[in-house]
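Understanding the architecture of this molecule
Residue strings, one per chain:
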Amino acid sequence: MTAGPPENRRAAVALQYASYAGVAVMAVGLVLIAAGVGETVALIGIGLLIIGPVLGLAAVLVTLIQEKDWKWAGTAAVLAAVLAVTMLLSYFF
Amino acid sequence: MLFVLVLIAVGGGIVGALFGLGGGIIFVPVLTILFGLDVTAASAASLIGVVATSSGSAAVYLKKGLPSIRVGMFLEISTCIGAAVGAFMAAYLADWLLCLIFAGVMIYNGYIMAFSPTGRSAPQGGKDSGRFTWTDTNGTTGEHTVDHLHSGAAMCTGAGALSAMTGVGGGTIKVPIMNIYMHIPIKTAAATSNYMIGLTAFTGAIVYFIRGQVLPEYAAAVAVGAFIGATIGTVINQHVNARAQKRYFSVIAFLVAALMLLRAGGIL
């Protein structure tokens, strides 16, 4: 059972799945790099891992909307927008 | 050598989980000094390791209710803006300057944590305060007052910029801000920081990732080790006294500052 506010559980689940998947793929990728096969698998694992916090934030946003906590859902949405703008800026510049 | 890096990263993950840090204070010096990476490449790999530390420990702490996601999200808005600016600036700053900035931040934080009077003062309430829910270390869930919300958020902008420029998750700056300035208990501050640094590190890491500046073998080695270490660290954290945590934090901060000063001076 998760203690604290309801958004904790969903954020925890999202973080866990993304991090386990990313780390597992990266571990395979490291073995392949050591074997001289290539870096692609490691890069995929890195991508899976670093997307985890964003998935956690998305889970929090959905939970807050379902709870009709509009103030904090708005805060989560603003944070998601900041992250999205940053990604776009890095892509175009 | 990659296996050695994984082992070192395990230690970084343990330290990160214990002190609300991402482990970057260990990853960056190790990658630059021991493995000879330039600071930009080390920062990129370190930030990915920070995401791993954050994800590994935050998931555990979240289930226990220790962090305040709402405080974290609020502070994280300004932190991420700072991180985005810092990531762009890092490409234009000299290696030695980045090491110097890093060392300066570590000295400051070590001093604050070592010599803050009696630790956290009791929350004062007031105009810039708010009420948030979290679970204490004794397992009690309840509402608590947090002071200086907006000014604390402003200070976190700098934490975000330094995070992206130096490859650390910003926890070394944010934990003292939350504990000493915003009057949040050290374990709650550390757990909240663990949650926040994942988002901060993501903002910096994604810039490096999209630009192709990530060295996959180093980043993956750091991340795998950090994740394992963070998982171990969350177990150890249950048995560490809060006052001792602050003392150990300052020792680590001063040690790392010394190493980075040597690096900035070209000695290491």
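For the structure, check the block above.
My aim in this report is to walk through the structure given alongside it, one point at a time.

What counts as what
- Residues numbered from 1 in each chain as written.
- Chains lettered and ligands numbered in written order.
- Predicted model: local features only at pLDDT ≥ 70, side-chain atom pairs only at ≥ 80, totals over all residues.
- Heavy atoms only, no water.
- Helix = DSSP H or I, 4+ residues; strand = E, 2+ residues; numbered from the N terminus.
- Contact = heavy atoms within 4.5 Å.
- Areas by Shrake-Rupley, 256 points an atom, 1.4 Å probe, with all protein chains shown as cover.
- Salt bridge = Lys/Arg side-chain N within 4 Å of Asp/Glu carboxyl O.
- Axes fitted to C-alpha atoms, helices over the stretch in contact; angles between N-to-C directions.
- Parallel < 35°, antiparallel > 145°, perpendicular 65-115°, else oblique.
- Left-handed = near helix turned anticlockwise from the far one by under 90°.
- Nonpolar A, V, L, I, M, F, W, Y, C, P; charged D, E, K, R; others polar.

Attention now moves to the overall build of chain B. Across its full length, chain B holds 10 helices and 2 strands. Element order for chain B, N to C, with α for helix and β for strand: α-α-α-α-α-β-β-α-α-α-α-α. Long-range contacts, defined as pairs at least 24 residues apart, comprise 78% of the intrachain contacts of chain B with a sequence gap of at least 6. On chain B, roughly 9100 Å² of surface is accessible, and the fraction owed to carbon and sulfur atoms is 67%.

So, about the environment of I81 of chain B. Assignment of secondary structure puts I81 of chain B in helix 4 (residues 69-90). C-alpha of I81 of chain B to C-alpha of H150 of chain B: the two residues are 69 residues apart in sequence and 15 Å apart in space.

Right, let's talk about the pattern of salt bridges for a bit. Counted by the stated rule, this structure contains 4 salt bridges over all chains. A salt bridge links E7 of chain A to R70 of chain B; its shortest N-O distance comes to 2.8 Å. Remark: R70 of chain B occurs in helix 4 and E7 of chain A occurs in helix 1 (residues 7-34); the pair is interchain, linking two chains. The salt bridge partner of R131 of chain B is E143 of chain B, with a shortest N-O separation of 3.6 Å. Linking R131 of chain B in strand 1 (residues 130-135) with E143 of chain B in strand 2 (residues 141-146), this pair joins segments that are 12 residues apart in sequence.

The next point concerns the side chain of T188 of chain B. If you trace the backbone, T188 of chain B turns up in helix 8 (residues 186-210). Once residues lying within four places of it in the same chain are set aside, the contact partners of T188 of chain B are L66, P67 and W134 of chain B.

Further remarks concern the packing of helix 3 (residues 39-64) of chain B against helix 9 (residues 216-237) of chain B. In helix packing, the relevant descriptors are the interaxial angle and the interaxial distance, both defined with respect to the helix axes. All names here are of chain B. Put simply, helix 3 and helix 9 touch, their axes get as near as 7 Å, and they point 25 degrees apart. Relative to helix 9, the element helix 3 is oriented roughly parallel. For the element pair helix 3 and helix 9, the recorded crossing hand is right-handed. Touching A45, I48, G49, A52, T53, G56, S57, V60, Y61 and K64 of helix 3 are Y218, A219, V222, A223, A226, F227, A230, G233, T234 and N237, all from helix 9. Broken down by class, the residue content of the contact of helix 3 with helix 9 amounts to 12 nonpolar, 7 polar and 1 charged.

Function cannot be inferred from these measures alone, as they are strictly geometric.
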